[in-house]
Amino acid sequence: MTTTTEITQERRLVTAIPGPKSTQALQRRAEAVSGGLGLTFPAVIERTHDAIMVDIDGNQIIDMGSGIGVTNVGNTASRVVENVIEQAQAFTHTCFTVAPYINYIEVCEALNRLTPGTHKKKSMLANSGAEAVENAIKIARHYTKRPAVVVFEHAYHGRTNLTMALNSKNMPYNDGFGPFAPAVYRMPLPYELRWIGPKESITEDALEMITQKIEKEIGAKNVAAILIEPIQGEGGFITPPKGFLPGLCEYATKNGIVFIADEVQTGFARTGNMFAMEHEGVVPDMVTTAKGLGGGLPIAGVTARAEIMDSVHAGGLGGTFGGNPVSCAAALGAIATIEEEGLIARAQHIGQVLGDGLRALQAKYPVIAEVRGRGAMLAIEVVIPGSKGGIEPDAAAVAKVLKHCTENGVFILSAGTYGNVIRFLPPLVISDALIADALAVLDAGFATL
Ligand SMILES: *Cc1c(COP(=O)(O)O)cnc(C)c1O
């Protein structure tokens, strides 16, 4: 078998997708694996490198999803692979709270250095984004001694019981899994395309509405945390209007509320900054990270002002696997790759090249209502032109376009509360040639409508 670095960075189909071997493997999957798990791309992967996935039938597929914003540094990035091998040979587990090791401390140091703000910070590590969010809320409640948590429409924070309570979308995440954790209050989100009020004053109006609701329905002094994704991920890359995040952060600070940025999907150079809150100079009290942090291995972090993190008694936080040494080694490799390969600038470049391509498609196809996002986190929202307000969601069109992309070896994810958003999360090392090829396939997909 060839090594992954020998995989040419080009799309190449040798069978239909799924091919015969994938078809057989997917039958075994249907027999053995819970039907509760979804399936986006019907090809079974054998090897990957950078932005190309090779399936077991030998097809080379362009990866426009990075395993949902995880392999920002590219799949099998050399620093990640080398660090993992070296750490696995040294030791694979002790449990950090039982017998500590240095690379956990180094990941925390890196998170403290890289997250927004120059104040004294501390971190803890966990296994997944949901677990990071759970810990963030535990810590904020412990620090403030208040119960309530404020979240937003179109939010997604995970699949555990508390994080399901924070989610805005019932199907498929929450349906039938309740009852959910109490003291969670959902606020309107200024979603420009679908905002009912005047668009000129959207930021002021949304902030006024939210602060009024907090004052009247909860009481600001009962609120432990305001939790928000700087760009809604699963919600469809909804990018709040200028001034909204700074205004919300300011309100939280004034009222002793911990302002938590859920940067699980937006973090680690994805949006053309190390963290998305930096685009408007917002310094959150607390940041949750996961996805892109580990370069493909499971790891998550909570980083906050030192006094907040230290408000918890020893033993109040932890877990058997949190900050596993192999995952920590991978995270240090991923962070080094971002910094040494200039991937923040690369994300900005992708934002330009891919953004230009998507805007050209928008000019060609009236079903594309909007191109939005930042850096290498871009999306298009698909509607029925001439429908009520011109914005009736068209999830069926998205499904049809993505089916065409799948059959032609381009992996692209959908998103959105209405399932009518196509989102792009390519590895930041993707070549311009692969972006152009993916755009051409997408163009042909829209032409089939
Ligand atoms: C994916 C995601 C999570 C949950 O992360 P898991 O690792 O899947 O638990 C939380 N918040 C945001 C913003 C996410 O995109």
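Residues numbered from 1 in each chain as written. Predicted model: local features only at pLDDT ≥ 70, side-chain atom pairs only at ≥ 80, totals over all residues. Heavy atoms only, no water.

Visitor: Can you lay out the site of the ligand for me, pointing to particular residues and giving the numbers?
Guide: For the ligand, the full set of nearby residues is S128, G129, A130, Y156, H157, G158, E229, D262, V264, Q265 and K291. Within the backbone of G129, one N or O atom sits 2.7 Å away from an oxygen atom of the ligand. In this structure, an oxygen atom belonging to the ligand sits 2.7 Å away from a side-chain N or O atom of K291. Surface burial for the ligand is 83%, taken as the share of its 380 Å² of free accessible area covered by protein chains. (Near = heavy atom within 4 Å. Polar contact = N/O pair within 3.5 Å; in protein donor to acceptor, adjacent residues only side chain to side chain. Areas by Shrake-Rupley, 256 points an atom, 1.4 Å probe, with all protein chains shown as cover.)

Visitor: Just give me the short version of the side chain of N420, but keep the residues and values in it.
Guide: When you line up the elements, N420 lands in the loop between β14 (413-415) and β15 (421-424). Under the relative-accessibility criterion, N420 is labelled buried at 0%. A polar contact is formed between the side chain of N420 and the side chain of E381, at a distance of 3.1 Å. Apart from residues no more than four positions distant in its own chain, N420 is found in contact with R194, I380, E381, V382, V383, P393, D394, A395, V398 and A415. (Helix = DSSP H or I, 4+ residues; strand = E, 2+ residues; numbered from the N terminus. Buried < 20%, exposed > 50% of the residue type's maximum accessible area, 1.4 Å probe, protein only. Contact = heavy atoms within 4.5 Å.)

Visitor: Give a description of the environment of A140 that names residues and reports values.
Guide: Tracing the sequence through the fold places A140 in helix α5 (residues 129-144). A relative accessible area of 0% places A140 in the buried class. Distance from A140 to V223, taken between C-alpha atoms, is 9.6 Å for residues 83 residues apart in sequence. The residues touching A140, leaving out its near neighbours within four places in the chain, are A224, A225, V258, I260 and M286.

Visitor: Provide a residue-level description of the nonpolar core, including the pertinent values.
Guide: Counting residues in each nonpolar core, the largest one holds 89 residues, and the members touching the most others are L358 and F446. Both domains that meet at this core, namely domain 1 (4-76 + 342-447) and domain 2 (80-340), each give it at least three residues. Those residues in contact with L358, other than ones at most four positions away along the chain, are V371, L378, I380, F424, L439 and L442. By size, the runner-up hydrophobic cluster in this structure holds 30 residues, among which are W195, I218, I238 and F259. (Core = buried A, V, L, I, M, F, W, Y, C linked by side-chain atoms within 4.5 Å. Domains from an automatic or database assignment.)

Visitor: Which residues make up the domain arrangement of the protein chain, and what values do they have?
Guide: Looking at the assigned domains, one finds that the protein chain contains domain 1 (4-76 + 342-447) and domain 2 (80-340). Distance from the C-alpha centre of domain 1 to the C-alpha centre of domain 2: 26 Å. In this complex, domain 1 contributes 40 residues to the contact, which on the side of domain 2 involves 36 residues. Of all residues in domain 1, V73, R374 and M377 bury the most surface against domain 2, accounting for 24% of the area lost on that side. The salt bridge involving E381 is made with R194; its shortest N-O contact spans 2.6 Å. Elements with a contribution of two residues or more to the side of domain 1 that touches domain 2: α2 (66-69), α11 (343-364), β11 (368-374), β12 (377-382) and β15. With five residues, β11 is the largest single contributor of residues to the side of domain 1 that touches domain 2. (Buried area = accessible area lost by both parts, 1.4 Å probe. Salt bridge = Lys/Arg side-chain N within 4 Å of Asp/Glu carboxyl O.)

Visitor: Requested: an account of the sheet that holds strand β7 (residues 223-228), with residues and values cited.
Guide: If you walk across this open sheet you meet the seven strands as β4-β10-β9-β8-β7-β5-β6, and the pairing is mixed. Looking at strand neighbours, the two that pair on one side only are β4 (121-126) and β6 (184-187), the edges of this open sheet. Each strand of the sheet is rotated relative to its neighbour by a mean of 20 degrees, with strand direction disregarded. Of the strands in this sheet, β4, β9 (286-289) and β10 (300-305) are in contact with helix α4 (residues 102-114), which crosses β4 at around 130 degrees. Here helix α8 (residues 244-254) sits on the sheet in contact with β5 (148-152), β7 and β8 (258-262), set at roughly 170 degrees to β7. (Pairing = 2+ DSSP bridges. Axes fitted to C-alpha atoms, helices over the stretch in contact; angles between N-to-C directions.)

Visitor: Explain the packing of aromatic side chains to me, and be specific about the residues and the numbers.
Guide: Per the stated rule, a full pass over the model turns up nine aromatic pairs. Each ring, one from F96 and one from Y101, has its centre 5.4 Å from the other, and the planes form 80 degrees; the classification is edge-to-face. Taken together, a centroid distance of 5.2 Å and an interplanar angle of 70 degrees make the contact between F268 and F275 edge-to-face. Each of the two residues, F268 as well as F275, counts as buried. Through a chain of ring-to-ring contacts, three or more aromatic side chains come together here, namely F91, F96, Y101 and Y104. (Phe/Tyr/Trp six-rings, centres within 6.5 Å; stacked < 30°, edge-to-face > 60°.)

Visitor: Describe helix α3 (residues 78-90), with residues and values.
Guide: With 13 residues, α3 should reach 18 Å at 1.5 Å per residue; the first-to-last C-alpha distance of 18 Å fits that figure. Listed in full, the buried residues belonging to α3 are V80, V84 and Q87. The buried side chains of α3 occupy one side of the element, clustering within an arc of 75 degrees when seen end-on. Residues of α3 that are exposed and angled more than 90 degrees away from the buried face: E82, E86, Q89 and A90. (Expected span 1.5 Å × (residues − 1). Arc of directions from axis to C-beta.)

Visitor: With reference to specific residues and values, describe the side chain of K121.
Guide: In this structure, K121 sits in strand β4. An unpaired buried charge is present at K121: no salt bridge exists, and E278, the closest side chain of opposite charge, is 8.6 Å distant. A distance of 2.8 Å separates a polar atom in the side chain of K121 from the backbone oxygen of N112. Polar contacts involving the side chain of K121 include one to the main-chain carbonyl oxygen of P116, which spans 3.4 Å. The residues touching K121, leaving out its near neighbours within four places in the chain, are N112, R113, T115, P116, T303, A304, R305 and A306. (Lys, Arg positive; Asp, Glu negative; His and termini not counted.)

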